[in-house]
Structure formats: structure tokens, C-alpha cells
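# Structural features, examined
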Amino acid sequence: MKAGVLALQGDFREHARVFAEAGATPVEVRLPADLDAVDCLAIPGGESTTIGKLARAYDLVEPIRERSRAGMPILGTCAGMIVLAREVEGGEALFGLMDISVRRNAYGRQVESFEADLDVRGIDHRVRGVFIRAPWIERIGDGVEVLAEFEDRPVVLEQGNLLVTSFHPELVGETGLHRYLLRKA
Ligand code: GLN
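Throughout what follows, the structure given in this document is the object of discussion.

### Regarding the overall build of the protein chain
Helices and strands together make up the secondary structure of the protein chain, namely six helices and 12 strands. In the protein chain, which comprises 185 residues, the proportion classed as buried is 53%. In the protein chain, the share of contacts with a sequence separation of at least 24, taken over all contacts with a separation of at least 6, comes to 65%. Element-wise, carbon and sulfur atoms account for 44% of the exposed surface of the protein chain, whose accessible area totals about 8,100 Å². Taken together, the 22 basic and 29 acidic charged side chains of the protein chain have centroids lying 3 Å from each other.

### Here we look at the sheet that holds strand 2 (residues 25–29)
With mixed pairing, seven strands are arranged side by side in an open sheet as 2-1-3-4-12-11-10. Edge positions in the open sheet fall to strand 2 and strand 10 (145–150), since each of these has one partner strand only. Within this sheet the neighbouring strands show an average axis-to-axis angle of 20°, counted without direction.

### Observations concerning the site of the ligand
Close contacts around the ligand come from Gly45, Gly46, Glu47, Ser48, Cys78, Ala79, Ile82, Arg104, Asn105, Ile132, Arg133 and His168, and that covers them all. Between the ligand and Ser48 there is a distance of 2.6 Å, counted from an oxygen atom to a backbone nitrogen or oxygen.

### Overview of the sheet that holds strand 9 (residues 136–140)
What the three strands build is an open sheet, ordered 5-6-9; its pairing is mixed. In this open sheet, the two strands that pair with only one neighbour each are strand 5 (85–88) and strand 9. Neighbour-to-neighbour, the strand axes of the sheet open up by a mean angle of 35°, direction not taken into account. Direction of pairing for strand 5 relative to strand 6 (residues 98–103): parallel, over a ladder of three bridges. Its bridge partner lying in strand 6, Ala85 is registered against Met98.

Thresholds applied
- Residues numbered from 1 in each chain as written.
- Predicted model: local features only at pLDDT ≥ 70, side-chain atom pairs only at ≥ 80, totals over all residues.
- Heavy atoms only, no water.
- Helix = DSSP H or I, 4+ residues; strand = E, 2+ residues; numbered from the N terminus.
- Buried < 20%, exposed > 50% of the residue type's maximum accessible area, 1.4 Å probe, protein only.
- Contact = heavy atoms within 4.5 Å.
- Areas by Shrake-Rupley, 256 points an atom, 1.4 Å probe, with all protein chains shown as cover.
- Lys, Arg positive; Asp, Glu negative; His and termini not counted.
- Charge placed at Lys NZ, Arg CZ, Asp CG, Glu CD.
- Pairing = 2+ DSSP bridges.
- Axes fitted to C-alpha atoms, helices over the stretch in contact; angles between N-to-C directions.
- Near = heavy atom within 4 Å.
- Polar contact = N/O pair within 3.5 Å; in protein donor to acceptor, adjacent residues only side chain to side chain.

The following block contains the structure:
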């Protein structure tokens, strides 16, 4: 299984490492042609505005939307969740694929980062996540399922082929969500 990682900015190397540990072959995606070879895609944490600028500059927006509409499983973590959202409060949507509205940096500043262990539906162990200037969800569309909550707010969501987390599982070598994505591919 070839697992793509959008490698424009952010912690894409950590995602590649987790995919490899989960038994897939990681492939860095920087150009539209790189997408042809992959069965699924992770969009890393980082800075959503920078990822957006680079994705536009490299003409990746439409090709990723098309693959998503054709059913390719996509995991977005933190900034990756922001770029997949249909609405970004006070900002601009990029891929606009998941029917959610998000608010950036809502869990506080860098120094207020924290880790948590979460019960995620469909995953048989507690999932460890790192929250760093994490976004939170303001609105969820009808077709979106909540797989985990933290302090009464959704933090893992699924809509068909799309899976998003407000935190980073990849920074602590947590493989549960990547394995979940690979099972969808
Ligand atoms: N705050 C960042 C953004 O708005 C996301 C932070 C992260 O990915 N850890 O893009």
C-alpha cells in the first residue's frame, strides 16, 4: 500500500514514519503527478496558511479535490484538518472538503500545548495526541461523525473517506489513526 504524505510544510516526515511503522510505503507528495501513485494521503500539522499558499503554487488543490471525490482516504491532522474544512472562521477554506467549520488556534498558544489520551471509536486502544495551537470545531454537518471528544468538543471526525484530528498523533508515534486510514484504502 502506497501512503502519500503532503510534503509542502509541517511535520510530514513524522507522518511518513508512522505510515512505515503501520506497514505501508510512504510517498512524499509535492507535485500533482506524485498523487497518481498513492492509495491514500495524510495532510500534516504545521501552518495552514503556508500549506495553502504552497498547495496553490504547486497546483495541487484541484487534483487533491478530485482524488477525494473519487474516494481516496485522506487524514488531516491539526493544520491538515483546517485545510480540509469547508469553513474557517475569520479565514479562507482551502480544499473545502469536509462539512465542518473550524476556529484556528482555539486551544491557546504554543506554551499552552498539552497531550491527552483519547477513546476513539473504532480504535482498540487509547489514542495519544499532542495539541499544539490546535483548532476546534464550531459546526458539524449532517454527514459528519464524531469518533472522539475531548472536554465535550469533537476532536476526531469522519465523513466518508475523510478523517481529521485537531491534534497530532504523529508526533508521539501513535499509529492507530494511520492504521484506521489504511483500512479504508
Ligand atoms: N495553528 C496552526 C494553523 O492555524 C495549526 C497548528 C498545528 O498544526 N499544530 O495552521
